[in-house]
Amino acid sequence: MPAAEMRKPRRILALLPGLAGHGGIQQHNRMFCGVVTRWCASHDAALDVVSLRDPRGWQDRRYVARAVTGCEDNRYRFALQSALALARPYDLLIVGVVDFGVLLTIPRLLCRRAPILTIVHGIEVWKDLTRSERAALTRATRVMSVSDYTAREVIERHGVRPERLVTVPIPLDPEFVSEADSITDPPRPGSVLTVARMNVIDREKGVETLIRAVAEARPSLPGLRCTIVGDGEDRPRLEQLSRELGVADAVRFTGGIDDRELHTYLAGTEVFALPSRKEGFGIVFLEAMYYGKPVIAGAHGGSVEVVDDGVTGLHVQYGDVSGLAQALRELLGDDRRRAEIGAAGRAAVEQRFAFDRFSQRVEALLAELLPVS
């Protein structure tokens, strides 16, 4: 048998926090793995994924050709399965979050010649890192950031050389686009929507600020209604706050919803607001913008790269209740301005955040790290 026929496919090993379920990182990982899987099919390569949070044997063939090694959010199992996967030869290692850098401090698990690609999303690198977390950056051949803001943080805060950074913005999932194009529900007058986790550690999402802004803006916008999608242990406190402020009848908490329901809520709102200061990117902004909704975003982090202030939405400072209330009045009180901003947002998604552009950038990165011999 010719040597070319006997050669095993090159092995790409990805250590990821998860693919299944809701959340920006999960959505990014699904799209990223989908591109890698398709690239592998035409480049004599195969993708193996060890996932911290996914169920054992999780698989969706749109994204992965092989079932992932899911560890069900058990960090001990993840460490063991990662070590076993690293003990086998691989040609490219993908580190999905700097938390997993501890594995790069064990030399015997590393293939010396194999390049390493580390992915950074946002707040996990906007702070001082432990020695093991820094290993995910210092030992990486390339660091892929979802935003220029996070790339700058990695360069300035952690000393990574600029030439090792590449920014690949997150696109809108083609599955989302297909579903959105089939929905024509009209928006409800005076409606505002936000989508956020409501855990204590997620208070910087700005849900409390939004509730207070609704209370401040309501006298001049009597038809104002706010829908809050999401759940978490902080939700009872926020519900109590809406009662204390006298806006319980104007603020609706839906809890967790499925993907189809999210489309219904996005189609049915006039304005989307997430006044957060902790967004590394914010896929939900893209989703709202695709529906032609003007977006109110925090003037912080990766949000400012997604939402163009005064063009596709408005920026507000985190915690600025009066500023947010004024933004609500500005958008809900002016049909023409709301329509213009919404149309600009839709165009921005189609032009700047198209999936094809994301796919091309990831494929170019793979070709650089795994050139054809």
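Calculation rules
- Residue numbers restart at each chain and count upward from 1, following the sequence in its written direction.
- Reporting in this predicted model follows two pLDDT cut-offs: at least 70 for local features of residues, and 80 or more for side-chain atom pairs to be given and counted; totals over whole chains, interfaces and linings ignore these cut-offs and use all residues.
- By convention in this description, side-chain values take in all heavy atoms of the structure and omit both hydrogens and water.
- Helix numbers and strand numbers start at the N terminus; a helix is a DSSP run of H or I with at least 4 residues, a strand a run of E with at least 2.
- All radius of gyration figures rest on C-alpha atoms, and the globule criterion is 2.2 Å times the number of residues raised to 0.38.
- Buried, partly exposed and exposed residues are distinguished by accessible area as a fraction of the type maximum, computed with a 1.4 Å probe on protein chains only: under 20%, between the cut-offs, and over 50%, respectively.
- When DSSP locates at least two bridges between a pair of strands, those strands are taken to pair.
- Axis lines are fitted through C-alpha atoms, for helices just across the contact stretch, and the angle between N-to-C directions can take any value from 0 to 180 degrees.
- The pairing test for Phe, Tyr and Trp rings, Trp by its six-membered ring, is centres within 6.5 Å, and the orientation test on the planes gives stacked under 30 degrees, edge-to-face over 60, and tilted for anything in between.
- Only lysine NZ and arginine CZ atoms are considered, and such an atom sits over a ring when it is within 6 Å of the ring centre and within 35 degrees of the ring normal.

(A) Representation of the overall build of the protein chain. When its secondary structure is counted, the protein chain shows 14 helices and 13 strands. The C-alpha atoms of the protein chain give a radius of gyration of 22 Å, which matches the 21 Å a tight globule of 373 residues would have. Counting only C-alpha atoms, the protein chain reaches 80 × 40 × 40 Å along its principal axes. Per-residue burial over the protein chain gives 55% buried out of 373 residues.

(B) Examining the sheet that holds strand 11 (residues 271-274) more closely. Across the sheet, six strands lie side by side as 10-9-8-11-12-13; this open sheet has parallel pairing. Bordering the open sheet on either side are strand 10 (251-255) and strand 13 (313-316), each of which pairs with just one other strand. Within the sheet, the average angular offset between the axes of one strand and its neighbour, ignoring direction, is 20°. Pairing between strand 8 (residues 191-195) and strand 9 (residues 225-229): five bridges, direction parallel. Across the sheet, the residue bridging to Leu-193 is Thr-227, located in strand 9.

(C) Layout of unusual backbone geometry. The phi torsion at Glu-72 lies on the positive side, around 55°, for a residue other than glycine. Counting through the fold element by element, Glu-72 comes out in the loop between strand 3 (69-70) and helix 3 (75-87). A relative accessible area of 45% means that Glu-72 is categorised as partly exposed. Of note in the backbone geometry, Asp-73 takes a positive phi value of approximately 65° without being a glycine. The residue Asp-73 is located in the loop between strand 3 and helix 3 in this model. Overall, the relative accessible area of 47% leaves Asp-73 in the partly exposed class.

(D) Highlighting the packing of aromatic side chains. Considering all chains together, one arrives at six aromatic pairs under this definition. Consider the rings of Phe-281 and Phe-353, whose centres lie 5.8 Å apart with planes at 80°: the pair is edge-to-face. Of this pair, Phe-281 sits in the loop between strand 11 and helix 10 (283-290) while Phe-353 sits in the loop between helix 13 (335-352) and helix 14 (355-369); the two residues are 72 residues apart in sequence, bridging distant segments of the chain. What makes Phe-281 buried here is its relative accessible area of 5%. Phe-353 sits in the buried class, given a relative accessible area of 4%. Relative to Phe-358, the ring of Phe-355 lies with its centre 6.0 Å away and its plane at 45°, an arrangement referred to as tilted. On the criterion of helical spacing, the pair formed by Phe-355 and Phe-358 is a turn pair, its members being three residues apart in helix 14. On the accessibility criterion, Phe-355 (16% relative accessible area) is buried. Judged by its relative accessible area of 2%, Phe-358 is buried. In this structure, Arg-346 packs its charged tip against the face of Tyr-290, placed 3.8 Å from the ring centre.

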